[in-house]
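Architecture at a glance
Here is how the chains run, residue by residue.
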Amino acid sequence: MKHSPNSPILLTSSLHVDEARKAISQLVKELIEESRALHDPKDIETVSLDQAINRILAQDLLSPIDVPAADNSAMDGYAFNGKCLGTGDNNISLEIVGTAFAGKPYKGKINQGECLKIMTGAVMPADCDTVIPQELTITQTETQIEFKQNLLKPGENRRLRGEDLKQSKPAIQAGRLLRPSDLGLAASLGISTLQVKRKLKVAILSSGDELRSLEQTLDAGSIYDSNRYSLTGLLNRLNLEIIDCGIVRDDPTALKQAFIDAATKSDVLISSGGVSVGEADFTKQIMQELGDVGFWKIAMRPGRPMAFGILKATAGASERKTLFFGLPGNPVAVMVTFYQFVRAALLQLNGSNQTEPPMTQAISEAPIRKKPGRTEFQRAILGRNAEGRPTVRLTGSQGAGILRSMSEANCFVILAHDQGNIAAGDWVDVALFEGLL
Ligand code: AMP
Ligand code: MG
């Protein structure tokens, strides 16, 4: 069976999480390849380093210099020519002829029997290849040092020119989701701006008659719209352009118009609510008119129903295609489906080569009930036990609407599709929120 939006899955069949991810990735790939997309995801812009965090590098960043630019000392100590070293345990005595500071190279010559007092990072004189760290010397006066010769080998404690990075070689590869260390690396090469992918425009909207915005008062049966705020937070982590399309009522005309408006302004539209069994028919009908959208029942918990596909909106003369995610309304399900499906798609669409979030493993402190046949995302706190090994414990009640389980957690425990019950002490897969959610 083909699980692409071209052959919408009926809500009666259940789709494996991995199959859903594959189908999404395939469609995104097609979208990237298709030049008809109004907003070409290949667009590039130049930004200064202080604006580049979490943007995606568009071209390989080639190093304009060797790093380090010259051989230099890795320690505070004394530089000398390592030829004098042997393997015996007798002492070597060297005369100190000068001092080299970081940023202030020593210009003179160092002969056999002589050494140079040298600070970490200072350029090594041409005649020297070895540094004896200060703490390894036995005696040190203003003019002389003595140390055991078998404590080090020729060439030790010296950093070589180009050891970190050779000139003209890629310092950072295209597709990198830029992190603080990348900005520091670029700065260390004297580069002040980076070529990054244009920010994706992501529209978000919440659907449901029961939803109220924060400035409204709650009447009987109504709730505040929290999903737009979790989604805004999630999208801000990726430094994207967010278009907030507010709350839309459960009314076909209003919903259709809202989808059209949002799609004409965005590369990606994320809605929440209105895709569960009771409401799917209603949304489905609208989607049929607007594009090519599949309604999936995914074998996962939380976050079972999800709609995914392409909306075709016309803007001026050209037709544009907007990637559409119809996430479930439950506040936890929204975050889980974002983490599991939307995040990777957004990164892929914008040319990132790191769409998979990092995973680790930890020991479950308590038993966890789990039915085989669906992937589960339990909210948990990663810690350490008395032996210093990583452990996880779940954050209370795990209902799909209980946002506190998410707020108090720092990770998901991810229980695989075929996995059954977990016993206390079992190792489980863990995905940390930090940096992701
Ligand atoms: P639905 O997917 O529309 O059936 O919604 C499932 C549950 O999530 C219902 O209890 C809704 O009230 C709730 N819900 C839907 N949208 C939101 C939202 N934007 N903020 C908070 N809760 C929501
Ligand atoms: Mg609803």
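Structural data are supplied above this passage.
Here is a short report on the structure shown in this document. (Residues numbered from 1 in each chain as written. Chains lettered and ligands numbered in written order. Predicted model: local features only at pLDDT ≥ 70, side-chain atom pairs only at ≥ 80, totals over all residues. Heavy atoms only, no water.)

1. Remarks on the overall build of the protein chain
Check the secondary structure of the protein chain and you find 7 helices and 26 strands. Relative to a compact globule of 437 residues, whose C-alpha radius of gyration would be 22 Å, the protein chain shows 30 Å and is clearly more extended. Principal-axis analysis of the C-alpha atoms places the extent of the protein chain at approximately 90 × 60 × 45 Å. Here the protein chain, with 437 residues, has 46% of them falling under the buried criterion. Considering only intrachain contacts with a sequence separation of at least 6, the fraction spanning at least 24 residues in the protein chain is 72%. Put simply, the protein chain shows about 20,700 Å² of open surface, and 50% of that area lies on carbon and sulfur atoms. In the protein chain, the 48 positive side-chain charges and the 50 negative ones have mean positions that sit 3 Å from each other. (Helix = DSSP H or I, 4+ residues; strand = E, 2+ residues; numbered from the N terminus. Rg over C-alpha atoms; globule rule 2.2 N^0.38 Å. Buried < 20%, exposed > 50% of the residue type's maximum accessible area, 1.4 Å probe, protein only. Contact = heavy atoms within 4.5 Å. Areas by Shrake-Rupley, 256 points an atom, 1.4 Å probe, with all protein chains shown as cover. Lys, Arg positive; Asp, Glu negative; His and termini not counted. Charge placed at Lys NZ, Arg CZ, Asp CG, Glu CD.)

2. What about the nonpolar core?
Soluble globular proteins tend to pack their nonpolar side chains together in the buried interior. Core analysis: the largest hydrophobic core is formed by 48 residues, its most contacted members being Ile 270, Leu 323, Phe 325 and Leu 346. For this core, the element with the highest residue contribution is helix α6 (residues 331–349), accounting for 12 residues. Both of domain 1 (14–44 + 199–349) and domain 3 (359–432) provide at least three residues apiece to this core. If sequence neighbours within four positions are ignored, Phe 325 has contacts with Ile 24, Val 268, Leu 269, Ile 270, Ser 271, Met 306, Ala 307, Phe 308, Phe 341, Val 342 and Ala 345. (Core = buried A, V, L, I, M, F, W, Y, C linked by side-chain atoms within 4.5 Å. Domains from an automatic or database assignment.)

3. Remarks on the packing of aromatic side chains
What the rule picks out here adds up to 8 aromatic pairs. An angle of 80° between the planes, with centres 5.4 Å apart, marks the rings of Phe 259 and Phe 324 as edge-to-face. Of this pair, Phe 259 sits in helix α4 (residues 252–265) while Phe 324 sits in strand β21 (residues 318–327), and the two are 65 residues apart along the sequence. For the pair formed by Phe 259 and Phe 324, the shared burial category is buried. (Phe/Tyr/Trp six-rings, centres within 6.5 Å; stacked < 30°, edge-to-face > 60°.)

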